[in-house]
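# Chains, contacts and geometry: an overview
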Amino acid sequence: MKDLSLKNRIVMAPMCMYSCPEQDGKITNWNLTHYTTRAVGQVGLVIVEASAVSPEGRISMEDLGIWDDEQIAGLTKLTKLVHEHGAKISIQLAHAGRKSRIDGSIKAPSVIPFSYKSKTPQEMTIQQIEDTVASFKKSAYWAFFAAKQLGVNLEGPIQYRRGMGLTFGLLKYIRFFLKKSKQPQSSIYRTEAFYNLKY
Ligand SMILES: Cc1cc2nc3c(=O)[nH]c(=O)nc-3n(C[C@H](O)[C@H](O)[C@H](O)COP(=O)(O)O)c2cc1C
């Protein structure tokens, strides 16, 4: 959060609303009303719901998204409205992994379904994981441009391992993450550096 000051300690947790009926991930009037109303109600920090870093990273087809520059105008408008009422705003960047319920196939670090109701995911290749990391980076970039005070909270497929055991695919993913985190030239490192410099 660095130097960000909030007017109080009331923080609105990110809560998926699945309210983009056009399935384009863009902010709707409903979203504007929903979040601005909380700012009017004196929440100190609004955290915008999990917003997908790629179309296949959505939980549902109606999720908010931040994978395309066409989605930025709505986020900027939302930021302005929330700021007008004295609140700060943040966004949760997300990839649903095996929690996804979108049409078609889903991708995750392992082939283990999230629950008995969930789809069986396709195991991501290292290249697909790298592409996902790059998507997070690009979305962070869009978030930065949506508003300078837009914070970023990372959420990815790795979070959904809880209680499900480690599979070979997931171990590969963790190793990849650790390896990438230690390498100064890695995209994760660069993403962090990007925040330090720009945020
Ligand atoms: C309707 C609903 C949608 C939620 N969507 C998200 C989400 O988008 N991202 C997330 O990390 N958590 C989500 N959660 C979890 C909440 O952010 C929060 O962590 C959870 O309600 C527990 O809150 P508590 O720790 O204050 O008890 C959601 C919860 C609810 C009730």
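Rules of the game
Residues numbered from 1 in each chain as written. Predicted model: local features only at pLDDT ≥ 70, side-chain atom pairs only at ≥ 80, totals over all residues. UniProt positions renumbered as here; feature names shortened; annotations may be inferred. Helix = DSSP H or I, 4+ residues; strand = E, 2+ residues; numbered from the N terminus. Expected span 1.5 Å × (residues − 1). Buried ≥ 20, exposed ≤ 12 C-beta atoms within 10 Å, placed from the backbone. Arc of directions from axis to C-beta. Contact = placed C-beta atoms within 7 Å. Pairing = 2+ DSSP bridges. Axes fitted to C-alpha atoms, helices over the stretch in contact; angles between N-to-C directions. Parallel < 35°, antiparallel > 145°, perpendicular 65-115°, else oblique. Left-handed = near helix turned anticlockwise from the far one by under 90°. Nonpolar A, V, L, I, M, F, W, Y, C, P; charged D, E, K, R; others polar. pLDDT = per-residue confidence, 0-100. Near = placed C-beta within 6 Å. Right-handed = clockwise from strand over helix to strand, strands pointing away.

An unreviewed UniProt entry lists the protein chain under the name NADH:flavin oxidoreductase/NADH oxidase N-terminal domain-containing protein, with Pueribacillus theae given as the organism. The record in UniProt for the protein chain states the following under Cofactor (unreviewed entry): "FMN".

Attention now goes to helix H2 (residues 72-84). When the terminal C-alpha atoms of H2 are compared, their 18 Å separation across 13 residues agrees well with the 18 Å that a helix rising 1.5 Å per residue should span. Residues of H2 that are buried include every one of Gly74, Leu75, Leu78, Thr79 and Val82, and no others. Projected down its long axis, H2 shows its buried positions confined to an angular sector of 140°, all on one face. Exposed residues on H2 whose side chains face more than 90 degrees from its buried face are Ala73 and Glu84. Of the surrounding secondary structure, the elements contacted by the buried residues of H2 are helix H1 (29-40), strand E2 (45-52), strand E3 (88-94) and helix H3 (126-146).

This next bit is on the pairing of E3. Within a regular strand, the side chains alternate between the two sheet faces. Most of E3 sits out of view: 7 of its 7 residues are buried. Neither face of E3 is left uncovered, since the one carrying Lys88, Ser90, Gln92 and Ala94 and the one carrying Ile89, Ile91 and Leu93 both have all their residues buried. Pairing between E2 and E3: 7 bridges, direction parallel. Bridging across to E3, Ile47 finds its partner in Ser90.

Another point: the packing of H1 against H2. Close contact between H1 and H2 brings their axes to 9 Å; oriented N to C, the two are set at 25°. Taken together, the axes of H1 and H2 lie roughly parallel to each other. Along this stretch, H1 crosses H2, giving a crossing that reads as right-handed. Counting all contacts with H1, which are made through Asn31, Leu32, Tyr35, Thr36 and Ala39, the residues of H2 involved are Lys77, Leu78, Leu81 and Val82. Across the contact of H1 with H2, the residue classes tally to 6 nonpolar, 2 polar and 1 charged.

Across the protein chain, pLDDT averages 80, with 73% of residues at or above 70. Here helix H5 (residues 187-198) stands out as the least confident element of the protein chain, with mean pLDDT 38; H1 is the most confident, with 98. Taken as a whole, residues 158-199 scores under 50 in pLDDT and shows 42 contacts with residues more than four places along the chain or in a different chain.

Within the structure, the ligand sits among 8 residues, and Ala13, Pro14, Met15, Cys16 and Ala50 are positioned closest to it. Partitioning the shell around the ligand into residue classes produces 5 nonpolar, 1 polar and 2 charged.

Turning our eyes to something else, we now look at H3. With 21 residues, H3 should cover 30 Å at 1.5 Å per step; its first-to-last C-alpha distance of 30 Å lies within 8% of that length. Those residues of H3 not exposed but buried are Ile129, Thr132, Val133, Ser135, Phe136, Ser139, Ala140, Trp142, Ala143 and Ala146.

Counting buried positions along E2 yields 7 of 8 residues, so the element is predominantly enclosed. Alignment of strand E1 (residues 11-12) against E2, held across 2 bridges, turns out to be parallel. Bridge pairing links Met12 to Val46 in E2. You can see the chain leave E1, run along H1 and come back into E2, and the turn it takes is right-handed. Remark: the E2/H2/E3 crossover connection has right-handed handedness.

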